[in-house]
Amino acid sequence: MTGKNPQAVRAGLKPAPTIPVLTSGSHLERLLREGRFVVTAELGPPRGAERAVVEKKANLLNGYVDAVNITDCQTSVVRMSSIASARILLEMGLEPVVQMTCRDRNRIALQSDLLGAWALGMKNLLCLTGDHPKFGDHPGAKPVFDLDSIHLLHMLKTMREEKKMLSGTPLEGEPRFFLGAAENPFADPFAFRSRRLAKKITAGAEFIQTQIVYNVDKFARWMEEVREKGLHKRAFILAGVAPLKSAGMAKYMKKNVPGMDVPDTIISRLEQKKGGSTAGRLEGIEVCIEIIEKLRQIEGLAGIHIMAIEWEEVVAQLVERAGLLPRPQGRG
Amino acid sequence: MIVARPKSFEDIKKLIQNHKKVAVMGCGGCVTVRSIGGQKQAEELAALIRLWAKREGKEMVVTEVTLTRQCEPEFIDSMKERVGDWEVVVSLACGVGVQCLAERYPRVKVFPGVDTTFMGATIEAGLYWERCVGCGDCTVAETGGFCPVARCAKNLMNGPCGGSQGGHCEVSPETPCVWQLIYERMEELGIGEELDGIRPPKDWSVRPQRMVMEHLRVEKKET
Ligand code: SF4
Ligand code: SF4
């Protein structure tokens, strides 16, 4: 610790509350605290200013999921802002989870935008470090990374519980977000992943959405570590899932997406499927449903998070065929 | 040590083409060790410019000179009788040297002849790698002697991120994930549990940084 920053003194050492109290008024939080197996999905805002695109995607998800994550310029590609898109969802009666990365905003902009998000009615926040701009459509952009995801969580938790900004300045009205974080059980070093998860929970994460799971065995091993450390009792763990469209896509992801573990058995299953792209997609959906079924057997798992990137229309089918309908009503 | 790479001759030609009195100034510091901007390179560049000027039929007087260090006033001062002869100085020192010259001699145009890249180390002959960004608050004691500020693509204080795979950083398979190195080293030293604590946000001090060493200043006044 440097002793120079005022926030260093307070940095993170209080654990997140484990008592089932509703802090945010969020529908997602209520379902999780009631012990329901929740379903969330992801919506990527458009690469333009067209509100109707958000509405169209949101309509595909409406009624099939408990909350919808709105990505924050995922893979560093410029898209409509997550807060603005989340506001559109709220107006449509859906429950958004605002995603916020540390890639594009320093501590001033992060606090400012998130105060605004709360004022606009958003209640769930997923705190991410973010991808490097190198992967996106503006690779020369200056990466900010003033804070990391753990700092972001801790900052929001401190705002909620101590009614103070990162600087210690008192807030006129505090945001009380239900705080989430992502974790990638398939990144290295494997032995440190559950320890890093513990850091996120200590910093303030109350729910966790994981990287897409294809290797269920490895995920189950990670969940074992999570249970040994009692982390599933301190935060709700949602496993990420996504249907593959083809063997080609599976191979591409395995090779090019850092921390993506696609077992060869799945790739060869997709390869063996003859009959063009439709057959490939059907098999991909089949594989995904099987994964969801296996995941539901894992002790301590609180739900699934469907990341059907640019394939939002598949979500309804997946949820229905996995036997996860009807979704509980009563948002708001 | 400061690492730089030479600008292309094309770029240098563009900088000097409309001038008649050109000096190429090497530096005996870091850029000499790296064989980028020392006396030998200054001589070579000056020869190349002369050849080109001659071929193009340009009237150009090219001088070469190398200072022990271009970032120290006493060495820069030693040029004061000569700068009057030049319109342009192409400096082969790092960006610090270039600016020292420009500040000291406001009437001559000072152009960089190299691109200053980073503070780094020689990994093997011809391979240099960034190690420090001079953040002004060195905390590598907390990270096993490795610097996440300079060496993690996201400057993470609480890494590794989800993109760390097989010891490599997500930005390039050639770049080791420094957080993997930190983790391994600290486990090896038996202090791995220190990584379980949350390291606070970095204090990104005001730039440009300035440093005063009073005892040195007093001595100077007395002499
Ligand atoms: S923490 Fe890193 S960047 Fe800062 S002084 Fe130390 S080595 Fe240099
Ligand atoms: S892979 Fe490692 S070095 Fe690269 S950004 Fe992530 S933590 Fe930093």
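Keep in mind that this is a model prediction, so the values were computed, not measured.

### Here's the deal with helix H5 (residues 107–119) of chain A
All names here are of chain A. The end-to-end C-alpha separation of H5 is 18 Å, in line with the 18 Å expected for 13 residues at 1.5 Å each. Within H5, burial applies to Arg107, Leu110, Gln111, Leu114, Ala117 and Trp118. For H5, the arc enclosing every buried residue in end-on projection is 125°, short of the 170-degree limit, so these residues lie on one face. In this structure, H5 carries Ile108 and Ala119 as exposed residues pointing more than 90 degrees from its buried face. In this structure asparagine 106 caps H5, since a side-chain oxygen of it lies 3.0 Å from the backbone nitrogen of isoleucine 108. Just downstream of H5 lies glycine 121, where phi reads positive at about 105°.

### Considerations on the interface of chain B and chain A
For an interface, size is often stated in terms of accessible area lost upon the parts coming together. Contacts between the two partners involve 37 residues from chain B and, on the opposite side, 39 residues from chain A. Interface of chain B and chain A: buried area, both sides summed, is about 3,100 Å²; carbon and sulfur atoms make up 52% of it. Scanning the region where chain B abuts chain A turns up two salt bridges. Residue A:Arg195 pairs with B:Glu187 through a salt bridge whose shortest N-O separation is 2.9 Å. If you look at where chain B meets chain A, you find 24 residue pairs in polar contact (both at pLDDT 80 or more). Per element, the largest residue contribution to the side of chain B that touches chain A is three residues, and it comes from helix H7 (residues 178–188) of chain B.

### A look at the domain arrangement of chain B
In terms of domains, chain B is made up of domain 1 (2–118) and domain 2 (133–196). Computed from C-alpha coordinates alone, the two centres of domain 1 of chain B and domain 2 of chain B are separated by 38 Å.

### So, the pairing of strand S2 (residues 67–70) of chain A
Residues and elements named next belong to chain A. Side chains of S2 alternate between two faces, with Ala67 and Asn69 and Val68 and Ile70 buried alike. In this region the chain leaves strand S1 (residues 38–43), passes through helix H3 (residues 51–61) and returns to the parallel neighbour S2; the handedness of that crossover is right-handed. Of the strand pairs in this sheet, S2 and strand S3 (residues 96–101) are connected by three bridges, and their pairing is parallel. Residue valine 68 lies in a different strand from S3, and its bridge partner there is proline 96. Once the chain exits S2 it traverses helix H4 (residues 82–91) before rejoining the sheet at S3, and the crossover so formed is right-handed.

### Focus: the sheet that holds strand S5 (residues 178–183) of chain A
Spatially, eight strands are ordered S1-S2-S3-S4-S5-S6-S7-S8 (chain A) in a closed barrel, and the strand pairing comes out parallel. Across this sheet, the average inter-strand angle for adjacent strands is 30°, counted without regard to direction.

### Remarks on the packing of aromatic side chains
Residues and elements named next belong to chain A. Tallied over the full model, the rule gives five aromatic pairs over all chains. Measuring from centroid to centroid gives 5.5 Å for phenylalanine 219 and tryptophan 222, while their planes differ by 40°, and the two rings are tilted. Here phenylalanine 219 and its partner tryptophan 222 are both found in helix H8 (residues 216–228), three residues apart, which amounts to about one turn of the helix. Each member of the pair, phenylalanine 219 as well as tryptophan 222, is classed as buried. If you follow lysine 134 out to its NZ or CZ, it ends over the ring of phenylalanine 135, 5.6 Å from the centre. One Lys or Arg, arginine 296, reaches over the ring of phenylalanine 37 and ends 5.2 Å from the middle of that ring.

### With respect to the site of ligand 2
Taken together, B:Cys152, B:Ala153, B:Lys154, B:Leu156, B:Pro160, B:Cys161, B:Ser164, B:Cys169, B:Glu170, B:Cys177, B:Val178 and B:Trp179 form the complete shell of residues around ligand 2. Along the lines of polarity and charge, the residues of the shell around ligand 2 split into nine nonpolar, one polar and two charged.

### Section: a nonpolar patch on the surface
Residue and element names in this part refer to chain B. Residues Met211, Met213 and Leu216 make up a contiguous nonpolar surface patch of roughly 330 Å² in combined accessible area. By secondary structure assignment, the location of methionine 213 is in the loop between H7 and helix H8 (214–222). Taking relative accessible area as the criterion, methionine 213 reaches 37% and is therefore assigned partly exposed.

### Thoughts on the nonpolar core
In this structure, A:Tyr214, A:Phe219, A:Leu295 and A:Ile306 are the most contacted members of the largest nonpolar core, which totals 91 residues. Among the elements that take part in this core, helix H12 (residues 276–296) of chain A stands out by supplying seven residues, more than any other. Apart from residues lying up to four places away in sequence, A:Leu295 is in contact with A:Val213, A:Val216, A:Phe219, A:Ala239, A:Val241, A:Leu301 and A:Ile304. With 22 residues, the next largest nonpolar core counts B:Ile12, B:Ile36, B:Trp52 and B:Ala93 among its residues.

Scoring rules and cut-offs
Residues numbered from 1 in each chain as written. Chains lettered and ligands numbered in written order. Predicted model: local features only at pLDDT ≥ 70, side-chain atom pairs only at ≥ 80, totals over all residues. Heavy atoms only, no water. Helix = DSSP H or I, 4+ residues; strand = E, 2+ residues; numbered from the N terminus. Expected span 1.5 Å × (residues − 1). Buried < 20%, exposed > 50% of the residue type's maximum accessible area, 1.4 Å probe, protein only. Arc of directions from axis to C-beta. Polar contact = N/O pair within 3.5 Å; in protein donor to acceptor, adjacent residues only side chain to side chain. Contact = heavy atoms within 4.5 Å. Buried area = accessible area lost by both parts, 1.4 Å probe. Salt bridge = Lys/Arg side-chain N within 4 Å of Asp/Glu carboxyl O. Domains from an automatic or database assignment. Right-handed = clockwise from strand over helix to strand, strands pointing away. Pairing = 2+ DSSP bridges. Axes fitted to C-alpha atoms, helices over the stretch in contact; angles between N-to-C directions. Phe/Tyr/Trp six-rings, centres within 6.5 Å; stacked < 30°, edge-to-face > 60°. Lys NZ or Arg CZ within 6 Å of the ring centre and 35° of its normal. Near = heavy atom within 4 Å. Nonpolar A, V, L, I, M, F, W, Y, C, P; charged D, E, K, R; others polar. Patch = residues over 30% accessible without salt bridge, like charges linked within 9 Å, V, L, I, M, F, W, Y side chains within 5 Å. Areas by Shrake-Rupley, 256 points an atom, 1.4 Å probe, with all protein chains shown as cover. Core = buried A, V, L, I, M, F, W, Y, C linked by side-chain atoms within 4.5 Å.

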